[in-house]
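Given next are the chains, with one letter for each unit.
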Amino acid sequence: MDDLRDDRAAAEPARAELADPPPDSEDERELITKLVTSADTALLTSRGADGTLHARPLAVLQKDFDGVVRFLVQHPSEKTLEIEADPIVNVSFASRHGYLSMAGRASVVRDDAIIDELWNPAAEAWFPQGRDDPRIAVVEVAGDGAEYWAKTEPGVFSLVKAAAAIVTRRPPDIGENRSVAL
């Protein structure tokens, strides 16, 4: 496992040369925010001690996106212990507006202000002791980069273009795909 970590560290300079550009407009920042905040659920993927990847669904509760996503979680748990051991994670979002895959660094924090901001009645299903449950923590993922696929066509037009693509044997143009640094 240490060899794998050493290989990743050696690859960092090469990745820096291929770095994705930051969002190039306010519209693109708003699109990324919409892709995050319009999703009901995200998949958080972390790495286990044996190197296997584990993806877990988490409720998307935040109303804005500033490059960091936050989730209410129970701590300690298998996911929080994995994050503490290896903070490199991926978070994937799907909504009617498109898809976003965000790579970043996660941390587990206990911050009452953030918990209050994210708390809602549905959270009690996961925290039977309510808002004061001592196991409540927040996983924060600071994004390094993201790739998105945004739908630019309404559903009916997407279906028509997809059907036309079958006939023309060319991929349909129903959205925008781009990688950005966060």
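None of the values given here were measured: they were computed from a predicted structure.

How should I be thinking about the overall build of the protein in this particular structure?
Looking only at helices and strands, one finds 5 helices and 7 strands in the protein. Put simply, the protein runs from its N terminus to its C terminus through helices and strands in the order α-α-β-β-β-α-β-β-α-β-α-β. Every one of the 182 residues in the protein was classed for burial, and the buried ones make up 37%. Across the protein, contacts joining residues at least 24 apart in sequence account for 69% of those joining residues at least 6 apart. In the form shown here, the protein has an accessible surface area of approximately 10900 Å², with 55% of it arising from carbon and sulfur atoms.

I keep staring at the packing of aromatic side chains and nothing clicks. Help me out?
Each pair of aromatic rings is reported with the distance of its centres and the angle of its planes. Following the criterion strictly, the structure yields 1 aromatic pair and no others. Ring plane angle 45° and centroid distance 6.0 Å describe the contact between Trp119 and Phe127, whose orientation is recorded as tilted. Accessibility expressed as a relative area gives 3% for Phe127, which makes it buried.

Please clarify how the nonpolar core should be interpreted in this entry.
Note on soluble globular proteins: their nonpolar side chains tend to be buried together. Counting residues in hydrophobic clusters, the biggest one holds 27 residues, and the most contacted among them are Val69, Phe93 and Val141. Of all the secondary structure elements, the ones that give two or more residues to this core are helix H2 (26–37), strand E1 (41–47), strand E3 (68–74), strand E4 (88–95), strand E5 (98–109) and strand E6 (136–151). In terms of residue count, the dominant contributor to this core is E6 (6 residues). Not counting the four nearest positions on each side in its chain, Val69 is found in contact with Val36, Gln62, Val91, Phe93, Met102, Val139, Glu140 and Val141. Among the nonpolar cores identified, the runner-up in size contains 10 residues, and Leu61, Leu118, Ala123 and Val138 belong to it.

Hey, could you run me through H2 in this one?
Side chains that are three or four residues apart share a direction in an α-helix, a result of its 3.6 residues per turn. The first and last C-alpha atoms of H2 sit 16 Å apart over 12 residues, in line with the 16 Å expected at 1.5 Å per residue. Every buried residue belonging to H2 is among Glu28, Leu31, Ile32, Thr33, Leu35 and Val36, and all of these are buried. Where the residues of H2 are buried, they touch E3, E4, E5, E6 and strand E7 (175–181).

I tried to follow the pairing of E1 on my own but got confused; where do I start?
Successive side chains on a regular strand alternate, one facing one side of the sheet and the next facing the other. Counting buried positions over the 7 residues of E1 gives 5, a clear majority of the element. Here E1 folds back onto strand E2 (residues 53–59), and the loop between the two strands holds 5 residues, one of which, Gly51, carries a positive phi near 95°. Pairing of E1 with E4, which is carried by 4 bridges, proceeds in the antiparallel orientation. The residue bridging Thr45 from the neighbouring strand is Asn90, located in E4.

Teacher, can you tell me more about the layout of surface pockets here?
The rolling of a water-molecule-sized probe over the atoms marks out the regions of remaining empty space. Its volume calculated, the second largest pocket comes out at about 350 Å³. Within the residue set of the lining of the second largest pocket, elements represented by two or more residues are E2 and E3. Element by element, the count of residues in the lining of the second largest pocket is highest for E2, at 4 residues. Across the lining of the second largest pocket, the residue classes tally to 10 nonpolar, 3 polar and 2 charged.

Can you walk me through the pattern of salt bridges in this structure?
Side chains that differ in sign of charge can pair as their charged atoms come close. In this structure the tally under the stated criterion is 10 salt bridges. With its nearest N and O atoms 3.7 Å apart, the salt bridge here joins Arg70 to Asp66. Arg70 is the partner of Glu140 in a salt bridge, and the nearest nitrogen-oxygen pair spans 3.0 Å. Of this pair, Glu140 sits in strand E6 while Arg70 sits in strand E3; the two residues are 70 residues apart in sequence, bridging distant segments of the chain. Accessibility classification places Glu140 together with Arg70 in one group, the buried group. Ionic contacts of the salt-bridge type, sharing partners, join the residues Arg56, Glu78 and Glu82 into one network.

Scoring rules and cut-offs
Throughout, residues of each chain are indexed from 1 in the direction in which the sequence is written. pLDDT decides what is reported in this predicted model: residues at 70 or higher carry local features, side-chain atom pairs at 80 or more are listed and counted, and totals for whole chains, interfaces and linings draw on all residues regardless. Working from all heavy atoms in the structure, the side-chain values ignore hydrogens and water. Helix and strand definitions follow DSSP, with helices as H or I runs of at least four residues and strands as E runs of at least two, each counted in order from the N terminus. When accessible area is computed with a 1.4 Å probe and restricted to protein chains, residues below 20% of their type maximum are described as buried, those above 50% as exposed, and intermediate ones as partly exposed. In this analysis, two residues are considered to be in contact whenever any of their non-hydrogen atoms come within 4.5 Å of each other. Accessible surface is estimated by sampling points in the Shrake-Rupley manner with a 1.4 Å probe; for residues, cover comes only from the protein chains shown. Stacked, edge-to-face and tilted labels apply to pairs of Phe, Tyr and Trp rings (six-membered ring for Trp) whose centres lie within 6.5 Å, assigned for plane angles under 30 degrees, over 60, and everything in between, in that order. To qualify as a nonpolar core, a set must consist of buried Ala, Val, Leu, Ile, Met, Phe, Trp, Tyr and Cys residues joined through side-chain atoms within 4.5 Å. A helix is expected to span 1.5 Å multiplied by its residue count minus one. In this analysis, strands are considered paired if DSSP registers two or more bridges between them. Cavity and pocket criteria rest on a 1 Å grid covering protein atoms alone: a 1.4 Å probe that fits but cannot get out defines a cavity, protein on both sides within 12 Å along at least 5 of 7 lines defines an open pocket, and an atom within 4 Å of a point defines a lining residue. Grid points are joined across faces, edges and corners, and a volume is the space filled by probe spheres set on the points. Ten residue types, Ala, Val, Leu, Ile, Met, Phe, Trp, Tyr, Cys and Pro, are classed as nonpolar, four, Asp, Glu, Lys and Arg, as charged, and the remainder, Gly among them, as polar. Salt bridge, as used here: a side-chain nitrogen of Lys or Arg that lies within 4 Å of a carboxyl oxygen of Asp or Glu.

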